[in-house]
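# Tertiary structure, described
Below are the chains, spelled out letter by letter.
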Amino acid sequence: MSVLFPKVRKPREWDYRPIYYDPEKEARKEKKLARLQHGSFREEHEKNMTELRQKKQSKLVFWLVLLALLIFAFYFIL
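Residues numbered from 1 in each chain as written. Predicted model: local features only at pLDDT ≥ 70, side-chain atom pairs only at ≥ 80, totals over all residues. Heavy atoms only, no water.

### Some remarks on the overall build of the chain
Check the secondary structure of the chain and you find two helices and zero strands. Relative to its length of 78 residues, the chain is extended, with a C-alpha radius of gyration of 30 Å against a globular reference of 12 Å. Dimensions along the principal axes, computed over C-alpha positions, put the chain at roughly 90 × 50 × 25 Å. Looking at charge distribution, the chain has the averaged site of its 17 positive side-chain charges lying 8 Å from that of its 10 negative ones. (Helix = DSSP H or I, 4+ residues; strand = E, 2+ residues; numbered from the N terminus. Rg over C-alpha atoms; globule rule 2.2 N^0.38 Å. Lys, Arg positive; Asp, Glu negative; His and termini not counted. Charge placed at Lys NZ, Arg CZ, Asp CG, Glu CD.)

Now the structure itself:
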């Protein structure tokens, strides 16, 4: 059967998606690029590290308060 009807591949289909101009997206890109000037990488890193420390500290405080409440509750219940 392949001798009489050889297998022929279909040509690739045209898949065109137009790129539309989005002024808000362009403004975000420009703002991000403006922040990342020379020397600002260190500042961004320090800012991120302080945020991480604050998150860790708030989580620690939450768990300590929860533990204290549980101990208090078990002391008076039992």
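After that view, the rundown keeps rolling.
### Some thoughts on the environment of K25
Following the sequence through the fold, K25 ends up in helix α1 (residues 23–35). For the pair K25 and F72, spaced 47 residues apart in the sequence, the C-alpha separation amounts to 53 Å.

### Notes on the pattern of salt bridges
With the rule as written, the count across this model stands at two salt bridges. The salt bridge partner of D15 is R17, with a shortest N-O separation of 3.2 Å. Each of the two residues, D15 as well as R17, counts as exposed. Between E44 and K47 there is a salt bridge, and its shortest N-O distance comes to 4.0 Å. Within this pair, E44 and its partner K47 are both found in helix α2 (residues 40–77), separated by three residues, close to a single helical turn. According to the relative accessible area criterion, K47 is partly exposed, its value standing at 40%. (Salt bridge = Lys/Arg side-chain N within 4 Å of Asp/Glu carboxyl O. Buried < 20%, exposed > 50% of the residue type's maximum accessible area, 1.4 Å probe, protein only.)

### Overview of the packing of aromatic side chains
A complete count under the given rule lists four aromatic pairs for this structure. Arranged with centres 5.2 Å apart and planes meeting at 70°, the rings of F62 and W63 form a pair that is edge-to-face. Judged by its relative accessible area of 54%, W63 falls in the exposed class. Centroid distance Y75 to F76: 5.2 Å. Interplanar angle 80°. Geometry classified as edge-to-face. Considered together, Y75 and F76 belong to a single accessibility category, that of exposed residues. Each residue in the set F72, Y75 and F76 is aromatic and connected to the rest through ring pairs, giving one cluster. (Phe/Tyr/Trp six-rings, centres within 6.5 Å; stacked < 30°, edge-to-face > 60°.)

By themselves, these are just geometric observations and shouldn't be taken as functional.
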